[in-house]
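# Residue-level structure breakdown
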Amino acid sequence: MDMDKKTVHGEWSSRFAFILAATGSAVGLGNIWKFPYITGENGGGAFVLVYLISVLVIGIPLMMAESMLGRRARQSPIGAMRLLTKEANADESWHYLGWMGVLAGMLILSYYSVIAGWSMAYVFKAFFGSFSGAEARDIKELFDNFTGSPLTLIFWHTLFMSITMWLVAQGIQNGLEKAVRVLMPGLFVLLMLLVGYAMTTGAYEQGLSFLFKPDFSKITGDAILIAMGHAFFTLSLGMGAIMVYGAYLPKNVSIARTSLLVVAADTVVALLAGIAIFPIVFANHLEPSSGPGLIFQTLPIAFGNMTGGWFAGVLFFVMLVFAALTSAISLIEPAVAWLIESRTMDRKVACIWTGLSVWVLGLGSVFSFNIWSNVKVFDKTFFQLLDYLTANLMLPIGGFCIAIFAGWVMVQKDAEAELALANPLYYQIWLILVRYVAHAGIFLVFLHVVGVL
Ligand code: PHE
């Protein structure tokens, strides 16, 4: 079998570069914006526990599976699935899995870009001192006025999409590695600083117990699905982002070790964000369940009232934008890589087409926060519907299929060789996890949601 497939898009310079890129993809708005707000909406501790368990038993093995499939095929997810299916003599229709991933990435990016746009706007609000000395009420008013204006949101959404597409047009290695190298330690330090502030609010313990004391009476079937879906979202799994990065991974790198590192970094950032935010929520009598605006209504209070808050605020939102950018790139790369491979399109042209489609779709999310806020289908706005469809349905279903493929369909010798685990026992554990545990988990949650369980 051909073990020397080459990627047409370039290769990471080292193992460390892949870790940086995969961490850049994983750590993003999902950790700092989404994790706290969905935790708040779903009652705290029990939700966090389900999320952590999902990360452990589904997230880690699937992260390994996706990197492995990508590295073996060295192509975009659609091309990869085609090739691997052929190798395994399996049914052709597996490549639709690649399609679903490409689509999921574009759908997610359409609203991701809108929220990243908010973060960009908040860099300037922080810079011009809008938070200085402000109280919770002022900060909420600021946020409501801001999201109430469709034109303002379109402006920031456009800016973020343009930067993303420009970066993707440059190709895979340029800049990305360097950005993440500074970004990760920087984010970490700032989050620690915010945790320090949270300790002074007088509600630190209340915040911690909200996050870590499970109250199972608060958890519903839907909450379990959201927690599991978030494990996929936050780790960039189920749609081919990690697969496409795996395609650029040099041969001699340990997939298990890199996957563990990426998952650990991602989880630590999310938990730190939660630890920083909830004490501020409780100390200011805010609602933990106030939705997507949660970080924009809480963190500015910290920046407005702590020493060095001006500087920390500007820096924090700058870092958040960068974290969003390194994730956005991986959301769109599967689509772009596929256009280049199969339509032999120029990278720049591919970027323009995908970027434009995503931008148009993003308008729907922009309007969900103002002129369409009352337009609801299944009791959800356009933004909520897209989020639900992608994070809670498409990613888990995609992950489910990827697990079936890696665990059952693929030639097992190939999988074992590609993973190259130090000990055969580790391979057995991985196989059990992708073959049974990940499936059973995803399947049970779906049964629960449709009311069978
Ligand atoms: N993992 C990213 C985040 O947490 C979002 C993302 C999802 C990126 C799926 C790529 C693929 O922000």
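To be clear, the structure that these remarks concern was listed above.
Residues numbered from 1 in each chain as written. Predicted model: local features only at pLDDT ≥ 70, side-chain atom pairs only at ≥ 80, totals over all residues. Heavy atoms only, no water.

### Brief notes about the nonpolar core
Within the largest apolar cluster, 173 residues are counted, with the highest numbers of intra-cluster contacts made by Met 68, Phe 296, Phe 303, Phe 316, Phe 317 and Trp 430. By residue number, the principal contributor to this core is helix α14 (residues 309-343), which donates 20 residues. If near-sequence neighbours (up to four positions away) are discounted, Met 68 is found in contact with Ile 255, Ala 406, Met 410, Ala 415, Glu 418, Leu 419 and Trp 430. (Core = buried A, V, L, I, M, F, W, Y, C linked by side-chain atoms within 4.5 Å. Buried < 20%, exposed > 50% of the residue type's maximum accessible area, 1.4 Å probe, protein only. Helix = DSSP H or I, 4+ residues; strand = E, 2+ residues; numbered from the N terminus. Contact = heavy atoms within 4.5 Å.)

### As for helix α12 (residues 255-283)
Spanning 29 residues, α12 covers 43 Å between terminal C-alpha atoms, matching the ideal 42 Å at 1.5 Å per step. By the criterion of burial, α12 is predominantly enclosed, with 22 of the 29 residues buried. Where α12 ends, the next residue or the one after it, His 285, has phi of about 55°, a positive value. (Expected span 1.5 Å × (residues − 1).)

### A short note on the site of the ligand
Taken together, 15 residues surround the ligand, and among them Ala 26, Gly 30, Tyr 112, Phe 233 and Ser 236 come closest. Between the ligand and Ala 26 there is a distance of 2.9 Å, counted from an oxygen atom to a backbone nitrogen or oxygen. Leu 29 has a polar backbone atom sitting 3.2 Å from an oxygen atom of the ligand. The fraction of the free accessible surface of the ligand (320 Å²) that becomes covered by protein chains is 100%. Those elements that provide at least two residues to the shell around the ligand are α1 (15-26), α2 (29-41), α10 (221-234) and α14. Partitioning the shell around the ligand into residue classes produces seven nonpolar, eight polar and no charged. (Near = heavy atom within 4 Å. Polar contact = N/O pair within 3.5 Å; in protein donor to acceptor, adjacent residues only side chain to side chain. Areas by Shrake-Rupley, 256 points an atom, 1.4 Å probe, with all protein chains shown as cover. Nonpolar A, V, L, I, M, F, W, Y, C, P; charged D, E, K, R; others polar.)

### Notes on a nonpolar patch on the surface
Together, Phe 124, Phe 127, Phe 128, Trp 310, Phe 311 and Leu 315 line one region of the surface with nonpolar side chains, adding up to about 670 Å² of accessible area. Elements supplying a minimum of two residues to the nonpolar patch: α5 (96-127) and α14. Here the element with the most residues in the nonpolar patch is α14; it accounts for three residues. Inspection of the secondary structure assignment puts Leu 315 in helix α14. (Patch = residues over 30% accessible without salt bridge, like charges linked within 9 Å, V, L, I, M, F, W, Y side chains within 5 Å. Salt bridge = Lys/Arg side-chain N within 4 Å of Asp/Glu carboxyl O.)

### Side note on the environment of Gln 170
In this structure, Gln 170 sits in the loop between α7 (150-169) and α8 (176-199). The spacing of Gln 170 and Pro 214 is 44 residues in sequence and 46 Å in space, taken between C-alpha atoms.

### As for the packing of α2 against α12
Where α2 contacts α12, the axes come no closer than 9 Å and their chain directions differ by 60°. As summarised for this structure, α2 and α12 are arranged oblique, according to the angle between their axes. Between α2 and α12 the crossing geometry is right-handed. Two secondary-structure elements touch here, α2 through Asn 31, Ile 32, Phe 35, Pro 36, Thr 39 and Gly 40 and α12 through Asp 266, Val 269, Ala 270, Leu 271, Ala 273, Ile 277 and Phe 278. Classifying every residue of the contact of α2 with α12 gives nine nonpolar, three polar and one charged. (Axes fitted to C-alpha atoms, helices over the stretch in contact; angles between N-to-C directions. Parallel < 35°, antiparallel > 145°, perpendicular 65-115°, else oblique. Left-handed = near helix turned anticlockwise from the far one by under 90°.)

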